Amino acid sequence: MAILIDETKCNGCGLCDHNCPGDIIHMDAVSGKPLVVYPDECWYCGACRIDCPENCIKIIFPLISL
Amino acid sequence: MSFNLANIPEHHITTDVLVIGGGSAGTMAALAARRQGLEVALVDKAGIDRSGCGCAGNDHFLAILESGPEWDTKEAFLKWYHRLTQGLVDMAIPEKVFLSRIKRMVAYLEELGIPMRLDATHNDYIRTGSFGQPGDYFINFDGRKLKPTVSAEAARAGVKFFRRINITDLLADGGRVTGAVGFDIRKGDFYTFLARATIVATGNVTRLYNNQASMPYNSWHSPYNNGGAQAMAFRAGAELKNMEFVNYTLTPVNFSASALNAIVGMGGYIVNGLGERFLFKYHEKGEKGPRWVMPWGVYWEIKEGRGPCYFDLRHLPEEAINHLLHHLLPVDKNTFLDYCEQKGVDLRKDLLEVQISEGQLPAFLGSVSGIYVTPECATTVSGLFATGACSVTVGSLSGSMCVGETAGEEAAKFIYRDKTVKPEVPKEELTARREAIYSPLKRQGGFKHCELENKLRQVMTLYVGIGRTRRGMLTALEELAKLEKLFPDVRADNLHELMRVHELRDMLLVAQLIARGALEREESRFGLSHYRGDFPTSREEWHCSLHQCLQGEQVVLKRVAPSNL
């Protein structure tokens, strides 16, 4: 899971995709919303969340990392 | 995949200075070169506004402010830095790349509106010390906006940004580096940069070792730093030094986040399973000792049956705990408190279990491994400069920014010395580079990058990790050579995977440099960093740096005398 984006709040600005240093979030051309394409490659850095204008991103740690 | 291999769009960019890596060091290098009136291209495989280890912030800014006390002077810093690096860093470097710049750098960040003075009552800095410093060298600050702010400054100054371009190789003409090639990780376009001077600044090297959570991207520093600079510079003939010293730290259990500096800096304890503060057994300064002492102590406590080990903050006064919880931990790693909440740990009343992190090549203060540079940030190859954590200079965030500025200015001087040089590259070389970049996309069957990468981590962890012997190193080199043979069979099914394949290529090379250095250096040093069970103490004959470089197909090793104050 890693990154949970609340699509009902998301305004589709794409900042999370732009900020992610690992190329793991891609804006979906059809829905205009971000997709977490490579959750296993997440650093858990929070760069996707930090500038989100709608504050709609949650970071979810997998069980193995707790 | 919408990308058509038969018809790849090409972009040819000619510039004065090419900077590869858009983290803190690279962005400052680009800005500094631009201030000298030159055309500058800044390239990163990510978005640059939040690229690098400091993408989501940082909470400590190492600085000498000459505020009065004896420890807050250049002389005291140099003495400490010499002791910390044990003579393996050229002592002409810190003055040139850091000490002469740091006060101005702090003032500059304040001008940009970065909150450096967290003591609002006195409008002053809050400073803490750790890792054996003679005083409180770290300004505690709120660096959450630092990276985007400095990036915006660079853009405003006219630095041209090339985002999401993965640089794979340097270009050379007659022994001089003349630029680099790469590809757009989203569109696939081929990029050629021709430059009068090239600066590599891609940071440290991660993903080489397993961690306890078995999540390779859950790493201490950025998992997207894979030794691009070190590998490209080495392939271009540059000397690398002391690659055998792998760095470990203590992190929260299963979450490989930075925290140690903040915790020990604020007076936190490290205790074992018996509740004892044990670090004084290993170093006279205990938790205030050098970083390597802490994983070293934890290793032996666990080995001898006194684990698990913990951060203990329960004795800290409310003010200190508040400072940690509000100003340091969530600024250093933005998700730290999410981890605590989801794990169910309350740092006010609970112990936080620690682990020894996975190993990585440096990204912090006192590191002695990476690309060898002069005090002018020049590598041993003409036209090629290195800065930040990939170079052996002064590490940490403030180090990287000051060294970045040095590299930018020195690259500009290099260009102005002979402005007539026109960077060129033979057409055949470009064609061959282009072919090599995209070939993993054309393969069917074979291996996925993660299959080789997992094997690489297994080999490195087993034989080149904690505890090393000659036999282990020879086994590692044999296994890594097998992986090298398999590499041409690795396929990529899309452009994102193509980027990971090129990262793997660089990691494989760096892994071999580490193993070769570790085989050669018949002594032990810096705790777990290089612990040879067959040579368990430091030895006089190895009080020197070990350099490696490529001459033709041959790796040449040489010992370089230590630097004295």
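Residues numbered from 1 in each chain as written. Chains lettered and ligands numbered in written order. Predicted model: local features only at pLDDT ≥ 70, side-chain atom pairs only at ≥ 80, totals over all residues. Heavy atoms only, no water.

Labelled according to an unreviewed UniProt entry, chain B appears under the name FAD binding domain protein, originating from Neomoorella glycerini.

Per an unreviewed UniProt entry, chain A carries the name 4Fe-4S binding domain protein and comes from Neomoorella glycerini.

**Student:** Run through the overall build of chain B, naming residues and quoting values.
**Tutor:** When you go through chain B residue by residue, the secondary structure sums to 15 helices and 20 strands. A compact globule built from 565 residues should have a C-alpha radius of gyration of about 24 Å, and chain B, at 23 Å, falls within 12% of that. Dimensions of chain B, computed from the C-alpha atoms along their principal axes, are close to 65 × 55 × 50 Å. Total accessible area computed for chain B in this model is approximately 19,900 Å², and 50% of it derives from carbon and sulfur atoms. Averaging the locations of the 66 positively and 66 negatively charged side chains of chain B gives two centres separated by 2 Å. (Helix = DSSP H or I, 4+ residues; strand = E, 2+ residues; numbered from the N terminus. Rg over C-alpha atoms; globule rule 2.2 N^0.38 Å. Areas by Shrake-Rupley, 256 points an atom, 1.4 Å probe, with all protein chains shown as cover. Lys, Arg positive; Asp, Glu negative; His and termini not counted. Charge placed at Lys NZ, Arg CZ, Asp CG, Glu CD.)

**Student:** For the environment of B:Asn4, give the residues involved together with the corresponding values.
**Tutor:** Residues and elements named next belong to chain B. Mapped onto the secondary structure, Asn4 falls in the segment before β1 (10-20). We classify Asn4 as partly exposed; its relative accessible area is 43%. Through-space distance from the C-alpha of Asn4 to that of Phe138 is 51 Å; in sequence the pair is 134 residues apart. At 3.0 Å, the side chain of Asn4 and the backbone nitrogen of Ala6 are in polar contact. (Buried < 20%, exposed > 50% of the residue type's maximum accessible area, 1.4 Å probe, protein only. Polar contact = N/O pair within 3.5 Å; in protein donor to acceptor, adjacent residues only side chain to side chain.)

**Student:** I'd like to hear about the packing of aromatic side chains, residue by residue, with values.
**Tutor:** All names here are of chain B. Scanning all chains against the criterion turns up 28 aromatic pairs over all chains. A cation over a ring is seen here: Arg117 above Tyr125, with NZ or CZ 4.4 Å from the ring centre. For Arg559, the ring lying beneath its charged end belongs to Trp542, and the centroid distance is 3.8 Å. (Phe/Tyr/Trp six-rings, centres within 6.5 Å; stacked < 30°, edge-to-face > 60°. Lys NZ or Arg CZ within 6 Å of the ring centre and 35° of its normal.)

**Student:** Summarise the domain arrangement of chain B; cite the residues concerned and give the values.
**Tutor:** Residues and elements named next belong to chain B. The domains assigned to chain B are domain 1 (250-357) and domain 2 (434-541). Placing the centre of domain 1 and that of domain 2 at their C-alpha centroids yields a distance of 30 Å. Listed as interface residues are six residues of domain 1 and, on the opposing side, five residues of domain 2. Both faces combined, the contact of domain 1 with domain 2 buries some 520 Å², and carbon together with sulfur accounts for 88% of it. Three residues, Trp292, Trp296 and Tyr299, lead the burial of domain 1 against domain 2; their summed loss comes to 76% of the area buried on that side. Counting the contacts that link domain 1 with domain 2 gives zero salt bridges. Where domain 1 packs against domain 2, one counts zero residue pairs in polar contact (both at pLDDT 80 or more). (Domains from an automatic or database assignment. Contact = heavy atoms within 4.5 Å. Buried area = accessible area lost by both parts, 1.4 Å probe. Salt bridge = Lys/Arg side-chain N within 4 Å of Asp/Glu carboxyl O.)

**Student:** Can you lay out the confidence of the model for chain B for me, pointing to particular residues and giving the numbers?
**Tutor:** In this model, chain B carries an average pLDDT of 96, and 99% of its residues clear a pLDDT of 70 or more. Our summary of model confidence lists the complex with pTM equal to 0.98 and ipTM equal to 0.98. (pLDDT = per-residue confidence, 0-100.)

**Student:** Residue-level account of helix α4 (residues 102-111) of chain B, with values.
**Tutor:** Count 3.6 residues to each turn of an α-helix, and residues three or four apart come out pointing the same way. All names here are of chain B. When we look at burial in α4, the residues that qualify are Ile102, Met105, Val106, Tyr108 and Leu109. Projected onto a plane normal to the axis of α4, the buried residues spread over an arc of 160° and lie on a single side. Exposed residues on α4 whose side chains face more than 90 degrees from its buried face are Arg104 and Glu111. Contacts from the buried residues of α4 go to α1 (24-35), β3 (60-62), α3 (93-99), β5 (138-140), α5 (146-157) and α11 (396-417). At the exit of α4 stands Gly113, carrying a positive phi of roughly 90°. (Arc of directions from axis to C-beta.)

**Student:** Kindly report on the interface of chain B and chain A, identifying the contributing residues and their values.
**Tutor:** Between chain B and chain A, the residue contacts involve 38 residues of the former and 28 residues of the latter. Of the roughly 2,900 Å² buried where chain B meets chain A, counting both sides, 54% is carbon and sulfur surface. Joining chain B to chain A, the criterion identifies six salt bridges.

**Student:** Tell me about the sheet that holds strand β10 (residues 240-241) of chain B, residues and numbers included.
**Tutor:** All names here are of chain B. If you trace the four strands from one edge of the open sheet to the other, you get β15-β10-β19-β20, paired in antiparallel fashion. Sheet topology places β15 (370-371) and β20 (554-560) at the edges, where each strand pairs with a single neighbour. Two elements, strand β19 (residues 545-551) and β20, share seven bridges in a ladder whose sense is antiparallel. Within the sheet, the bridge partner assigned to Gln548 lies in β20 and is Leu557. Across the sheet, helix α15 (residues 495-520) is in contact with β10, β19 and β20; its angle to β19 comes to roughly 130°. (Pairing = 2+ DSSP bridges. Axes fitted to C-alpha atoms, helices over the stretch in contact; angles between N-to-C directions.)

**Student:** Report on the packing of α1(B) against α11(B), specifying residues and quantitative values.
**Tutor:** Residues and elements named next belong to chain B. It is the contact of α1 with α11, at a shortest axis distance of 7 Å, that shows an interaxial angle of 35°. Where α1 crosses over α11, the two elements pack in a sense that is right-handed. The residues of α11 that touch α1, namely those facing Ser24, Ala25, Met28, Ala29, Ala32, Ala33 and Arg35, are Leu397, Ser400, Met401, Gly404, Glu405, Gly408 and Glu409. Its residues placed into classes, the contact of α1 with α11 shows seven nonpolar, four polar and three charged. (Left-handed = near helix turned anticlockwise from the far one by under 90°. Nonpolar A, V, L, I, M, F, W, Y, C, P; charged D, E, K, R; others polar.)

**Student:** I'd like a rundown of the sheet that holds β5(B), residues and numbers included.
**Tutor:** All names here are of chain B. Strand order in the open sheet made by the three strands is β3-β5-β4, with antiparallel pairing throughout. Each having just a single partner strand, β3 and β4 (126-128) make up the two edges of the open sheet. Mean inter-strand twist for the sheet, computed between neighbouring axes without regard to direction, equals 40°. Bridge count between β3 and β5: three bridges; the pairing is antiparallel. Its bridge partner being in β5, His60 is matched across the sheet by Asn140. Packed onto the sheet, α4 meets β3 and β5 and runs at close to 145° relative to β3.

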